[in-house]
Structures are given as structure tokens and as C-alpha cells.
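Listed below are the residues making up each chain.
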Amino acid sequence: MAAIKRLFGNFRLSRHSGKKSESESRQSIQWVVAGLGNPGEEYSRARHNAGFMTIDRIAKAKNAAPGRRRFKGVTAEVMLAGKPAILVKPQTFYNLSGECISALLGYFKITPEHLIVVHDELDLEAGRLRIKQGGGDAGNRGVHSIAESLGTTDFIRVRIGIGRPPENEENKDYLLRPMTAAERQALTPILERASSAVEAIAEHGLEAAMNRYNQRG
């Protein structure tokens, strides 16, 4: 009987310890990095998925893969500059990104100042990168959804310049159609730069990252 009591006592302790570990993990997350895009193979090579592409690059560099489904998104836990972080690709479609991101921040108790949103930017010259915090959404419905859901614009944005479409192409078609091989190759350097910028924000702070990455490069 004593042996059985010890056995079940250890079992209860193990379960309790597991819950504590999960709680500690939840509290230790310091950054949420969200890439904007649309789910589905038909959108995977579109300019509007530049945020998703950046998240995939960061995850690959960390030997991780966004695969865990929660809060209407797919997530991966990684280390950014030695700090625990969550990478997320909302699966709500671009214009409703705030539903996923606000739920994630609420669960992990992350302030908007520790949210980094990576997204494409029509109003920014193709090949340019800009980091900013706050300000207007410039008509970007994904950013608008996040600001509306959080009730603030005080999150960090890594804006990937894709430029305006040619005169004979509508914005929607330009954003959503699959890029050609040449267009994807042209986008590659700025995706790499965006990935590095996210790491720099976590490691060196917003101002230092802005000073470095907001220059032409």
C-alpha cells in the first residue's frame, strides 16, 4: 500500500510540474512576430504573402516550421537574439489578421510594443525596407485589422516595399497573382533583409534597427 501511495504521489507531482512548466513557458515569451498573407497554395507565391515568406525564412534559419495551429493561425516557437518568441502566420486571410494576432497577444500577455508585424507595402518602392512603430495603415487592411483588434497602433512594422503595379494592372491583381520566377528572384534580397531586421529589433532595439535598416540597402 505504501508503494502504491508513493507511485501515485509521484504521478500527481509529475502532472503538477508539467502544468507549472507550461505556465512558465507561456510567461517567458517576449516577442510575437506576425507575417501577413493569405492561406492556400494559390496565394503562396503572391506579393501579398511577403510577410508569410519572411516568417518561413526566419523559421528555417532557426530549424523550426510554423505548424502548430492555434488562435486561427499557424505558429512556431523560436529564439530571437536569445529571447523566446512566437512566429505566426494568421490563417484568417489578410484583411482579418487582427483576429488571430490579438488572441495570441492576449494569451501570452504580450504588449503591442513587443509585436512585430511583417507585411508588403504598395507605397514603398520595390526593394526598399522600412521599420516603423505606430502611425497610419496607408490603406493596408491587414494592418488596419490588427490596429482595430488591439485598439492601438503602437506595434512595430517591418514594411517590405513592392512598389505600385504597372498602369495596365489593378492593385488587387498585382498583389494576389503568382509572381514569375524573375519576380520572385528580385524579391529574395528584401525578404532576407526583412528577416535580419526582425532579429535586429529583438537584439538591439527599435531605434538601432531603424537606423540600420531604414537606409537604402
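Everything numeric here is computed off the predicted structure, so don't read it as measured data. Throughout this description, residue numbers start from 1 for each chain and increase along the sequence as written. Local features in this predicted model are restricted to residues whose pLDDT is 70 or higher, and side-chain atom pairs enter the listing and the counts only when it is 80 or higher, whereas totals over whole chains, interfaces and linings include all residues. Derived side-chain values reflect all non-hydrogen atoms in the structure, with water molecules and hydrogen atoms excluded from consideration.

Undergrad: Could you give an account of the packing of aromatic side chains, naming the residues involved and the relevant values?
TA: To pair, rings of Phe, Tyr and Trp, with the six-membered ring standing in for Trp, must have centres within 6.5 Å; the planes then decide the type, stacked if under 30 degrees apart, edge-to-face if over 60, and tilted in the middle. A full pass over the atoms with the stated rule returns 3 aromatic pairs. An angle of 90 degrees between the planes, with centres 4.9 Å apart, marks the rings of Tyr107 and Phe108 as edge-to-face. Buried residues are those whose accessible area, probed at 1.4 Å on protein chains only, stays under 20% of the maximum for their type, while exposed residues exceed 50% and partly exposed ones sit between those limits. Overall, the relative accessible area of 28% leaves Tyr107 in the partly exposed class. Phe108 gets classed as buried once you look at its relative accessible area, which sits at 5%. Taken together, the ring pairs connect Phe71, Tyr107 and Phe108 into an aromatic cluster.

Undergrad: Describe helix α2 (residues 50-61), and please don't skip the residues or the numbers.
TA: Only DSSP runs of H or I with at least four residues qualify as helices, and only runs of E with at least two residues qualify as strands; both kinds are numbered from the N terminus onward. Multiplying 1.5 Å by the residue count of a helix minus one yields the expected span of that helix. With 12 residues, α2 should reach 16 Å at 1.5 Å per residue; the first-to-last C-alpha distance of 17 Å fits that figure. Within the span of α2, buried status applies to Ala50, Gly51, Phe52, Met53, Thr54, Ile55, Ile58 and Ala59. On its buried face, α2 sits against β1 (31-35), β3 (73-80), β4 (83-90), β5 (115-121), β7 (156-161) and α6 (181-204). Directly beyond the C-terminal end of α2, a positive phi value near 60 degrees is found at Asn63. Should any heavy atoms of two residues lie within 4.5 Å, those residues are considered in contact.

Undergrad: Quick one: what's the story with the sheet that holds strand β6 (residues 129-133), residue by residue and with numbers?
TA: A pair of strands is treated as paired once DSSP finds two or more bridges between them. Here 7 strands make up an open sheet; going across it, the order is β2-β3-β4-β1-β5-β7-β6 and the pairing mixed. Either end of the sheet is taken by a strand with one partner, and the two such strands are β2 (68-70) and β6. The sheet shows a mean angle of 30 degrees between the axes of neighbouring strands, taken without regard to direction. The strands touched by helix α3 (residues 97-108) are β1, β2, β3, β4 and β5; relative to β4, the strand with the most contacts, the crossing angle is about 155 degrees. Only the stretch in contact is used when fitting a helix axis, every axis being a line fitted to C-alpha atoms; angles between N-to-C directions are given from 0 to 180 degrees. Against the sheet, helix α7 (residues 206-213) engages β6 and β7, with an angle of about 155 degrees to β6.

Bear in mind that shape data such as this cannot, by itself, settle questions of function.
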